[in-house]
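Residue-level listing of the chains:
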Amino acid sequence: MHDLSLSQLSLELEQGHLSSYELTEHLLKRIAAHDSQLNSMITVTATQALAAAKQADSLRKQNQANALTGIPYIHKDIFCTQDVLTSCGSKILENFISPYDATVTQQLKQAGMVMLGKANMDEFAMGSSNENSHYGPVKNPWQLDYVPGGSSGGSAAAIAAQFAPVATGSDTGGSIRQPAAFTNLTGIKPSYGRVSRYGMVAFASSLDQGGPMARSAEDCAMMLNAMSGHDPLDSTSLPLAPLTIGKADLHQPLKGLRVGLPKEYFTDSLNTEMRDRIEAAAKTLEALGCDIVNISLPHSHLAVSVYYVVAPAEASSNLARYDGVRYGYRCENPVDLQDLYLRSRSEGFGVEVKRRIMVGTFVLSSGYYDAYYLQAQKVRQLIRNDFLDAFKQVDVILSPTTPQPAFKLGERMADPIQMYLADLYTIPANLAGLPALSAPAGFINGLPVGFQLIGKDLEEAKILAVAHQYQQVTNWHLQQPAFNTIV
Amino acid sequence: MQCSEIFTLAKLAHIAVTDAEAEYFATSISKIVQLVHELNAVDVTGVAPMTQPLADVEALRPDKVTETNQVETLLANAPQTAAGLFLVPQVIES
């Protein structure tokens, strides 16, 4: 039953072929038996999960169930969970038990979903390989010596290994889409403000957005519906009702839909095999009735630079709260208050987090603020303007999700810039605040790759519809890693 | 970027770095600064800085008390407390 998708499981539960308790018990056993090979989980909440499953089953008996009631999921450890560790992949939060639930946690609880545990991730979501976790790197089920991507690498590896049908992720520069691409999943970063950030540990507040990861676009839609909606506790939450993307939305006619291919994303630096996969995806969309249009996003090449000013600046401010006083790690025997701050933070944060805090401190410091931070914010506007112009000609934008498939564990740890460039195609949608998804596009040397669809503001339903209809005529997303046949 | 600059940044960021770490960060942060330096060549005449993607969201809320007293819950995560307060090393020398 672990190989069934969310929508299939939902039907099985509804028809009474399966109980949530049986399903939950089965998946917990699967995690217990096999996660030692992947390290995808930081915390497994078996007791709470079984209790929640029992409750979901009784709701179903009372005819109070919805499509998600009793469906198990894995929660990225960036979302606060009352009474369960929320580590955010960091040593500094290794003992942090949140006094409250994140809004997303509450929403999924209210939908009757069953949390199996909390997924491993790059520390504070800073990373593209899941090698920056205090709890150890995560392995890619497709090839165990390769990274699963990051920062939502634990979520990605867990769904790919069929530990759960769906998981939550968060995406600041590609952290849902890049791991989805590296593990043959579908994942969507919604429009900025669509999903509440309340209780989602802050990295870069103007870029962070939570979203779902699953084995199909349809499953992402079902989960996103439950995660979306206005939240008075988040001042950047859009004043909109929750999404209700259903079958009719996913099957909206694609005839005449204009799909843009940005020429700046298809330069000589793009792996030729990757180019072939994306061009093949474009052909499939054409066969589905879409019109392919060449477009230009002239400031694309500046996105990584803008990101590595804006994100560290916001991070240095957000992470100032970890001081060893109110919660989190505190060093042993501090001699004075200054020593307590310095050593708690130095011992509690990993190398990448310290690097980004210092970069952020640099670009915000007097004398450099205008040259770096203010300038980056202006270029950010130019990048958003590029998209607004392009969307006068097209309805959605198609690109690769990543320049290459997954890389080997350890391969890029020595060179942070190489690591940052893995997010070259995903960063612009965060800077512009636009919805974007990644969906499976095929394989290169046995490793999955994804295509990215970027939509206009608030048009999650449209990009999900394109991906869904693509998945009706292709079977890339149905391919499973050998790991799942062995275990 | 020199090690001395790393020590200044680390101090501002409340992070302690050893000599070896300073050297390591000087190299990698220099590379990042070199990368982002390309932004200076962009003509941004007349462009307003973009602080976040939402142009028209009202961030203010009514100034009403919404929380009840949660002192114990909030202190539960603190490394050290005393008499309902967060405990830190002595600040004023006796």
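Reading the values: the criteria
Residues numbered from 1 in each chain as written. Chains lettered and ligands numbered in written order. Predicted model: local features only at pLDDT ≥ 70, side-chain atom pairs only at ≥ 80, totals over all residues. Heavy atoms only, no water. Helix = DSSP H or I, 4+ residues; strand = E, 2+ residues; numbered from the N terminus. Rg over C-alpha atoms; globule rule 2.2 N^0.38 Å. Buried < 20%, exposed > 50% of the residue type's maximum accessible area, 1.4 Å probe, protein only. Core = buried A, V, L, I, M, F, W, Y, C linked by side-chain atoms within 4.5 Å. Domains from an automatic or database assignment. Contact = heavy atoms within 4.5 Å. Polar contact = N/O pair within 3.5 Å; in protein donor to acceptor, adjacent residues only side chain to side chain. Nonpolar A, V, L, I, M, F, W, Y, C, P; charged D, E, K, R; others polar. 1 Å grid on protein atoms, 1.4 Å probe; cavity = no way out; pocket = protein on both sides within 12 Å on 5 of 7 lines; lining within 4 Å. Points joined across faces, edges and corners; volume = space filled by probe spheres on them. Pairing = 2+ DSSP bridges. Right-handed = clockwise from strand over helix to strand, strands pointing away. Disulfide = S-S within 2.5 Å. Salt bridge = Lys/Arg side-chain N within 4 Å of Asp/Glu carboxyl O. Axes fitted to C-alpha atoms, helices over the stretch in contact; angles between N-to-C directions. Phe/Tyr/Trp six-rings, centres within 6.5 Å; stacked < 30°, edge-to-face > 60°. Parallel < 35°, antiparallel > 145°, perpendicular 65-115°, else oblique. Patch = residues over 30% accessible without salt bridge, like charges linked within 9 Å, V, L, I, M, F, W, Y side chains within 5 Å. Areas by Shrake-Rupley, 256 points an atom, 1.4 Å probe, with all protein chains shown as cover. Buried area = accessible area lost by both parts, 1.4 Å probe.

S.K.: How should I be thinking about the overall build of chain B in this particular structure?
M.R.: The helix and strand inventory of chain B stands at three helices and two strands. Shown N-terminal to C-terminal, the secondary structure of chain B runs as helices and strands in the order α-α-α-β-β. The C-alpha atoms of chain B give a radius of gyration of 23 Å, which is well past the 12 Å a tight globule of 94 residues would have. Taken across its 94 residues, chain B has 28% of its residues classed as buried.

S.K.: Just to check I follow, could you spell out the nonpolar core for this structure?
M.R.: Considering soluble globular proteins, one finds that nonpolar side chains tend to be buried as a cluster. Residue and element names in this part refer to chain A. In this structure, Ile74, Phe124, Phe387 and Leu464 are the most contacted members of the largest nonpolar core, which totals 169 residues. Counting residues per element, this core draws most heavily on helix α10 (residues 303-318), which supplies ten residues. Among the domains, domain 1 (6-259 + 393-485) and domain 2 (301-378) are the pair contributing at least three residues each to this core. In this structure phenylalanine 124 touches Cys88, Ser90, Ile92, Leu93, Val201, Phe203, Leu319, Tyr322, Phe349 and Val353, once residues within four positions along its chain are discounted.

S.K.: Explain the interface of chain B and chain A here, please?
M.R.: In many reports, interface size means the accessible area that the parts give up when they come together. Facing the 50 residues of chain B at the interface are 62 residues of chain A. Put simply, chain B and chain A have 15 residue pairs in polar contact (both at pLDDT 80 or more) between them. Elements represented by at least two residues in the side of chain B that touches chain A include exactly α1 (3-12), α2 (19-36) and α3 (71-75) of chain B. Classifying every residue of the side of chain B that touches chain A gives 35 nonpolar, nine polar and six charged.

S.K.: I'm lost on empty space enclosed by the protein in this one. Help?
M.R.: The gaps of empty space that remain are located by a probe, the size of a water molecule, rolled over the atoms. Residues and elements named next belong to chain A. By the definition in use, this model includes two cavities of 30 Å³ or more. Looking at the largest cavity, its volume works out to about 60 Å³. Every residue lining the largest cavity is listed: Ala125, Gly127, Ser128, Thr172, Gly173, Gly174, Ser175, Phe203, Tyr307, Tyr308, Arg356 and Asp423. Viewed by domain, the lining of the largest cavity spans two of them, domain 1 (6-259 + 393-485) and domain 2 (301-378), each represented by three or more residues. In this structure, the second largest cavity encloses a volume near 40 Å³. In terms of lining, the second largest cavity is formed by Trp142, Ala160, Thr183, Asn184, Leu185, Arg215, His477, Gln479, Gln480 and Pro481. The class makeup of the residues in the lining of the second largest cavity is four nonpolar, five polar and one charged.

S.K.: Any chance you could explain the pairing of strand β8 (residues 291-295) of chain A here in plain terms?
M.R.: The two faces of a sheet get side chains in turn, since along a regular strand they alternate between them. Residues and elements named next belong to chain A. Relative to β8, strand β7 (residues 258-262) is paired through five bridges, and the arrangement is parallel. Bridged to proline 262 within β8 is isoleucine 295. Once you follow β7 into helix α9 (residues 272-287) and on to β8, the crossover reads as right-handed.

S.K.: Looking at this structure, how should I read the state of the cysteines?
M.R.: Each disulfide consists of one covalent bond between the sulfur atoms belonging to two cysteines. Residue and element names in this part refer to chain A. Under the criterion given, the structure shown has zero disulfides over all chains. Summary of cysteine pairing: cysteine 80 is not part of a disulfide, and the nearest cysteine sulfur, belonging to cysteine 88, is at 8.5 Å. No disulfide involves cysteine 290; its nearest neighbouring cysteine sulfur is the one of cysteine 220, lying 19 Å away.

S.K.: Please explain the pattern of salt bridges as it appears in this structure.
M.R.: Opposite charge on two side chains allows them to pair when their charged atoms are near. All names here are of chain A. The full count for this structure, using the stated rule, is 16 salt bridges over all chains. Its salt-bridge partner being aspartate 77, residue lysine 118 comes within 2.9 Å of it at the nearest N-O pair. Separated by 41 residues along the polypeptide, lysine 118 in strand β3 (residues 114-119) and aspartate 77 in the loop between β2 (72-76) and α4 (103-110) bring together distant segments of the chain. Where arginine 326 meets aspartate 323, a salt bridge forms, and the shortest distance between an N and an O atom there is 3.5 Å. Overall, the relative accessible area of 30% leaves arginine 326 in the partly exposed class. Residues participating in the shared-partner salt-bridge network are Arg258, Asp395 and Lys456.

S.K.: How should I be thinking about the sheet that holds strand β9 (residues 396-400) of chain A in this particular structure?
M.R.: Across a sheet, paired strands are connected by hydrogen bonds in the backbone, their directions being either parallel or antiparallel. Residues and elements named next belong to chain A. Ordered in space as β1-β3-β2-β4-β6-β5-β10-β11-β9-β7-β8, the eleven strands form an open sheet in which the pairing is mixed. Two strands bound the open sheet, and with one partner strand each, they are β1 (41-44) and β8. Between one strand and the next, the sheet's axes are offset by a mean angle of 30°, whatever the strand orientation. The pairing of β7 with β9 spans two bridges and is classified as parallel. If you follow glycine 260 over to β9, its bridge partner there is isoleucine 397.

S.K.: Which parts of the structure should I look at to understand the packing of aromatic side chains?
M.R.: The description of an aromatic ring pair uses the distance of the two centres, along with the angle that the planes make with each other. Residues and elements named next belong to chain A. Scanning all chains against the criterion turns up 19 aromatic pairs over all chains. Taking 5.3 Å as the distance between ring centres and 45° as the angle between the ring planes, the aromatic pair formed by phenylalanine 96 and tyrosine 327 counts as tilted. Highlighted residues: phenylalanine 96 in the loop between β2 and α4 and tyrosine 327 in the loop between α10 and α11 (337-348), separated in sequence by 231 residues. With 6.0 Å between their ring centres and 90° between their planes, phenylalanine 182 and phenylalanine 407 make a pair best called edge-to-face.

S.K.: Just to check I follow, could you spell out the packing of helix α12 (residues 351-364) of chain A against helix α13 (residues 369-390) of chain A for this structure?
M.R.: For any two helices packed against each other, the geometry is given by the interaxial angle and the distance between the axes. Residue and element names in this part refer to chain A. Put simply, α12 and α13 touch, their axes get as near as 7 Å, and they point 105° apart. Classified by the interaxial angle, the pair formed by α12 and α13 is roughly perpendicular. From α12, Phe362, Val363 and Leu364 reach across to α13, where they touch Tyr369, Tyr372 and Tyr373. Its residues assigned to classes, the contact of α12 with α13 shows six nonpolar, no polar and no charged.

S.K.: I tried to follow the pairing of β2 of chain A on my own but got confused; where do I start?
M.R.: Residue and element names in this part refer to chain A. Within β2, five of the five residues are buried, leaving the element largely enclosed by the surrounding structure. Neither face of β2 is open: one carries Pro72, Ile74 and Lys76, the other Tyr73 and His75, and all of them are buried. In this structure, β2 lies alongside β3, joined through five bridges in parallel fashion. Looking at β3, one finds that proline 72 is bridged to valine 114.

S.K.: Which parts of the structure should I look at to understand a nonpolar patch on the surface?
M.R.: Residue and element names in this part refer to chain B. A cluster of nonpolar side chains, namely Val88, Val91 and Ile92, defines an oily patch on the protein surface of about 290 Å² accessible area. Mapped onto the elements of the fold, valine 88 is located in the segment after β2 (85-86). Here valine 88 falls in the partly exposed class, since its relative accessible area comes to 31%.

S.K.: When you look at the side chain of serine 196 of chain A in this model, what are you seeing that I'm missing?
M.R.: Residue and element names in this part refer to chain A. Looking at the secondary structure, you find serine 196 in the loop between β5 (186-189) and β6 (209-214). One polar contact links the side chain of serine 196 to the main-chain amide nitrogen of tyrosine 198, over a distance of 3.0 Å. The residues contacting serine 196, other than those within four sequence positions of it, are Thr103, Val104, Met227, Asp231 and Asp234.

S.K.: Is there a simple way to explain the domain arrangement of chain A in this structure?
M.R.: All names here are of chain A. Once the domains are mapped, chain A shows domain 1 (6-259 + 393-485) and domain 2 (301-378). In this structure, domain 1 and domain 2 have C-alpha centres spaced 27 Å apart. Contacts between domain 1 and domain 2 engage 27 residues on the former and 26 residues on the latter. It is Ile92, Met126 and Tyr420 that lose the most area in domain 1 upon contact with domain 2, and together they represent 30% of the buried surface on that side. At the boundary of domain 1 with domain 2, the tally comes to zero salt bridges. The tally of links from domain 1 across to domain 2 stands at ten residue pairs in polar contact (both at pLDDT 80 or more). Where the side of domain 1 that touches domain 2 is concerned, the elements lending two or more residues are α14 (416-420) and α15 (427-432). Tallying contributions element by element places α15 first for the side of domain 1 that touches domain 2, with three residues.

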